[in-house]
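Take a look at the letters that make up each chain.
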Amino acid sequence: MTETTVCVGSFVAIKDLWEVRIQKITEELRKQKEFSQKAAGRLTIIWEERASLAKLKGKVINEGGRAVLRIEQEEWQTLPSCLLKLNYLQEWQLHRTNLIKIPYYIGRFQNLIVLDLSRNSIAEIPREIGEFHVNLPSCDCLFGL
């Protein structure tokens, strides 16, 4: 008969080694899942911005040689930040859109001549609109406050 000798110390060491490996793999999988979720969220935001930009571009018309953004009787409580990509606009004509807030980035529209926001629900005017007036020679603003 032969006797088998098991060294308990080496068995425990191997067990500990595998537990550490399992913990590392589990942590890596958790991080990958978290990264994938964040990436999916970012892609959703980018996709929504592109869709909004395409919709806004469809509302731009050329009237008397001016680039005019005309939106009437649609629900636009806020304007998306992708509007900044249309900084060549010379007129904003936003009528009956239930617009609540004028975007803070309005001062970046250096070519803007007419700002017509009549018949909206604007609650406040951003401070940046003061900078906007300083940069432009003339601006007609019709607010539906």
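Conventions used here
- Residues numbered from 1 in each chain as written.
- Predicted model: local features only at pLDDT ≥ 70, side-chain atom pairs only at ≥ 80, totals over all residues.
- Heavy atoms only, no water.
- Helix = DSSP H or I, 4+ residues; strand = E, 2+ residues; numbered from the N terminus.
- Areas by Shrake-Rupley, 256 points an atom, 1.4 Å probe, with all protein chains shown as cover.
- Salt bridge = Lys/Arg side-chain N within 4 Å of Asp/Glu carboxyl O.
- Buried < 20%, exposed > 50% of the residue type's maximum accessible area, 1.4 Å probe, protein only.
- Polar contact = N/O pair within 3.5 Å; in protein donor to acceptor, adjacent residues only side chain to side chain.
- Phe/Tyr/Trp six-rings, centres within 6.5 Å; stacked < 30°, edge-to-face > 60°.
- Lys NZ or Arg CZ within 6 Å of the ring centre and 35° of its normal.
- Patch = residues over 30% accessible without salt bridge, like charges linked within 9 Å, V, L, I, M, F, W, Y side chains within 5 Å.
- Contact = heavy atoms within 4.5 Å.
- Core = buried A, V, L, I, M, F, W, Y, C linked by side-chain atoms within 4.5 Å.

As recorded in an unreviewed UniProt entry, the protein goes by the name Leucine rich repeat containing 39, listed as coming from Pseudonaja textilis.

**Q** Looking at this model, I keep getting lost on the overall build of the protein. Mind explaining?
**A** Along its length, the protein carries two helices and five strands. Of the roughly 10500 Å² of accessible surface on the protein, 55% is carried by carbon and sulfur atoms.

**Q** Please clarify how the pattern of salt bridges should be interpreted in this entry.
**A** Pairing between side chains of opposite charge can happen when their charged atoms approach one another. Applying the stated rule across the entire model yields seven salt bridges. Here Glu27 ties to Arg30 by a salt bridge, and the two come within 2.4 Å at their closest N and O atoms. Of this pair, Glu27 and Arg30 are both found in helix α1 (residues 8-57), three residues apart, which corresponds to roughly one turn of the helix. Judged by relative accessible area, Glu27 falls into the partly exposed class, the value being 32%. The network of salt bridges with common partners includes Glu27, Arg30, Glu34 and Lys38.

**Q** Sorry if this is basic, but what is going on with the side chain of His95 here?
**A** On the secondary structure map, His95 appears in strand β3 (residues 91-95). For His95, a relative accessible area of 18% gives the class buried. For His95, the side chain forms a polar contact with the side chain of Ser118, separated by 2.9 Å.

**Q** So what exactly am I meant to see when it comes to the packing of aromatic side chains here?
**A** Applying the stated criterion to the full structure yields three aromatic pairs. Within the aromatic cluster, the residues linked to one another by ring pairs are Trp92, Tyr104, Tyr105 and Phe109. Of note, Arg21 hangs over the ring of Trp18, and the distance from its end group to the ring centre comes to 5.1 Å.

**Q** What is the right way to read a nonpolar patch on the surface from this model?
**A** A surface patch of nonpolar side chains, amounting to about 330 Å² of accessible area, comprises Ile14, Trp18 and Ile22. Position of Ile22 among the secondary structure elements: in helix α1. Note on Ile22: relative accessible area 51%, which makes it exposed.

**Q** Is there a simple way to think about the environment of Leu83 in this case?
**A** If you trace the backbone, Leu83 turns up in the loop between β2 (66-72) and β3. Through-space distance from the C-alpha of Leu83 to that of Leu53 is 6.7 Å; in sequence the pair is 30 residues apart. Setting aside chain neighbours within four positions, we find Leu83 in contact with Leu56, Leu69, Leu89, Trp92, Tyr105 and Phe109.

**Q** Would you explain the nonpolar core in this entry?
**A** Most often, soluble globular proteins have nonpolar side chains that are buried together. Counting 24 residues, the largest nonpolar core has Leu56, Leu69, Leu79, Leu83, Leu89, Trp92 and Leu94 as the members making the most contacts within it. For this core, the secondary structure elements donating two or more residues are α1, β2, β3 and β4 (114-117). The residues contacting Leu79, other than those within four sequence positions of it, are Trp92, Leu94, Leu99, Pro103 and Tyr105.

**Q** Can you help me understand the side chain of Glu91 in this one?
**A** Structurally, Glu91 is set in strand β3. A polar contact of 2.8 Å, which involves the side chain of Glu91, links it to the side chain of Arg66.

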